[in-house]
Every structure is written in structure tokens, then in C-alpha cells.
Amino acid sequence: MGAYHAGSLAVQDLVGVRDRAAHVGRSLGQDIKPVAAAFLETQPLLVAGAADPGTGRVWASALTGAPGFVRATGPRQVSVLTDTGRLATALTTPGTPVGTIALDPRTRRRMRVNGRLRPTPRGFAVEADQVFSNCPKYIQRRESYETLAGRTPATPRRLAELAAEQAEFVRAADTFFLATVHPGGADASHRGGNPGFVQVASPRELTWPDYPGNAMFLSLGNLRSDPRAGLLFLDWTTGTTLQLTGEAHTEFAAGGDRSVRFTLTEALWTPAALPLRWSAPAYSPANPDIPR
């Protein structure tokens, strides 16, 4: 398969960026370069996205560990030492398509490795189909973090819709992660903006603007082929996570603006889920102002 599948190509044509996307697509490879391997080994956080083989629902999950818990163990393989958490079924099923993203708020760098999963005795490995980095656009800088060994995750709570607490959590977010799938694989990507860029339209519906990016349209292309999606919101101070699974559709407005509308099927709310506490953000200068 080429750099893009039919869904991404269709969105590129619709927006009129096919030539630019073809140029940018040359950055998509399978090899993990030494600089990329070095970046991975310094990260305490990895987000993984996949469809649960049992239910078909797509989830995005945050995985954490001491730097080195994610590392390149071959020219086209990444190994992750971790408890597989909410994606346990997907991350222990050989051959599951999985998308991963390592995002470093300290440097505003991010790297994505998409491929096929192979369970290991202490976690899982990803045999890479796509390895690439993105620009720092819309990443909020957080200068430092600490690991709180005494922080204990609360029991996850399943929700059929967002209550007031979760709705406010979403509205306050400056970052979330989006997991999508297509017939040939999976992807995990980052979305960022000033607080309020994600709107809660109803207890079961969210919307957010699709800001201009690299023109590849991997996520929106996946959604055009398969509307299943998983969202992960996290509190960078308390470690609380909100995971959502459902379906998402892109809405194209006159003038070229785009937005995504997500309909919730199920949510998982876990206070103190992650042991990391990050410093306060400096918002990306690329973030558009939020209309009030």
C-alpha cells in the first residue's frame, strides 16, 4: 500500500491538497532512525490506539513508565514494557493493528509509530508499518514533570454519557488524543488548542475544529473509511483520564473550515489514573483564539 489509503486521498482531493500531501507523504517510512530511537527512550508517556477485537470499539489509552519503557529494539520494531490497561484485549492479541504516539511537552516534539502488535512477556512490541514525526503545531509546552509513586488510581467508572464533571473536564482541556482505524491499520494522533476548543454539544456529543495541519489527513481519512474513534483526555496535573469511544464524522463548511462531530457510545472515567504531574502549560503560539 502507498503512503495513503482511499479515505485520506478522498479528503485531500476534497480540500485540494493532493500535491502537497504527496510531498509530505515522503516522510512516512518504516525505519526507526537513531534520532527517533533516542527520542523514544526519553519518554515517560505513550498513547496507544486500537480497536478492541472483542467489541470492535476503538479506544485510546495512556501508558506510562520510567524513561526507557518505550524503546526501539530493531530497525522496524518498538517494544513497550507496560501494563496494557483498558486496551488489554487489543494489546495482547497478536496482529492487532495499533497506532502509537509519543508526545514530549518539554520539547514540543511528537513521533508516531503505527503497525502490527505482538504481545511480549512484559508488554508488547509494534512491528512498524509507518514511522514519522509531526511539527510542533498546537502542542502546549510543559517544562517538566515528576512521577508520584504514591498516587493510586481510582476504580474506573463506566459512563453512558458525560455528567457535569466530565463535561467541564473536556471544556478545560488544551490537549486530547484521537485514535482511528482503517481496513489496513490504526493511528493515534494529537489535537491541541486553547481551553474551550473542544465543545460539549450534549452529554453524548462533542465537537472540535480541525485546525490546518500537515495536509496528510490520516485521521480524517480514517474516519471517512471507518467512523469508529477513541478519544483520550487527561489532566496533566492530577493524572485523571477520560476515555471515550464512539463514532466521529467530519463536517465541511463553506470557506474551507472543518469540524469533527463525535457521538459517544461509552466512556471510562479514572481519577488519578497516571502517576505523572506536569508543570503548567505555555500555550502554543499556533493556537487560534477561541470565540467567546
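Let me sum up the structure you'll find in this document. The structure presented is a predicted model; accordingly, all values stated were derived computationally and were not measured. (Residues numbered from 1 in each chain as written. Predicted model: local features only at pLDDT ≥ 70, side-chain atom pairs only at ≥ 80, totals over all residues. Heavy atoms only, no water.)

## Thoughts on helix α5 (residues 218-225)
With 6 of 8 residues buried, α5 is to be regarded as a mostly interior element. Among the residues of α5, those classed as buried are Leu218, Ser219, Leu220, Gly221, Asn222 and Leu223. (Buried < 20%, exposed > 50% of the residue type's maximum accessible area, 1.4 Å probe, protein only. Helix = DSSP H or I, 4+ residues; strand = E, 2+ residues; numbered from the N terminus.)

## Thoughts on the nonpolar core
In terms of nonpolar packing, the biggest core is built from 33 residues, with Leu206, Leu231, Phe233, Leu242, Leu244 and Phe262 touching the most fellow members. If you list the elements that add at least two residues to this core, you get α4 (164-171), β10 (175-182), β13 (205-209), α5, β14 (228-234), β15 (241-252) and β16 (258-270). Here this core takes 5 residues from β16, the largest share from any one element. Beyond its immediate sequence surroundings of up to four residues, Leu231 is in contact with Ala60, Phe176, Phe177, Leu178, Leu206, Trp208, Leu242, Gln243, Leu244 and Phe262. Counting 25 residues, the second largest nonpolar core, distinct from the first, contains Ala36, Phe69, Met111 and Leu117. (Core = buried A, V, L, I, M, F, W, Y, C linked by side-chain atoms within 4.5 Å. Contact = heavy atoms within 4.5 Å.)

## Quick look at the sheet that holds strand β1 (residues 45-51)
The antiparallel open sheet is built from 7 strands, whose spatial order is β2-β1-β5-β6-β7-β4-β3. A single partner strand is all that each edge strand has here, and the edge strands are β2 (58-64) and β3 (70-74). Averaged over neighbouring strand pairs, the angle between their axes works out to 35 degrees when direction is ignored. In this structure, strand β5 (residues 97-104) lies alongside strand β6 (residues 109-120), joined through 8 bridges in antiparallel fashion. Counted as the bridge partner of Gly99 is Asn114 from β6. (Pairing = 2+ DSSP bridges. Axes fitted to C-alpha atoms, helices over the stretch in contact; angles between N-to-C directions.)

## Looking at the pairing of β6
The loop that links β5 with its antiparallel partner β6 comprises 4 residues; one of these, Arg108, has a positive phi angle of about 55 degrees. Linking two consecutive strands that pair antiparallel, namely β6 and strand β7 (residues 123-134), is a turn of 2 residues.

Function-wise, these values are silent; they only describe arrangement.
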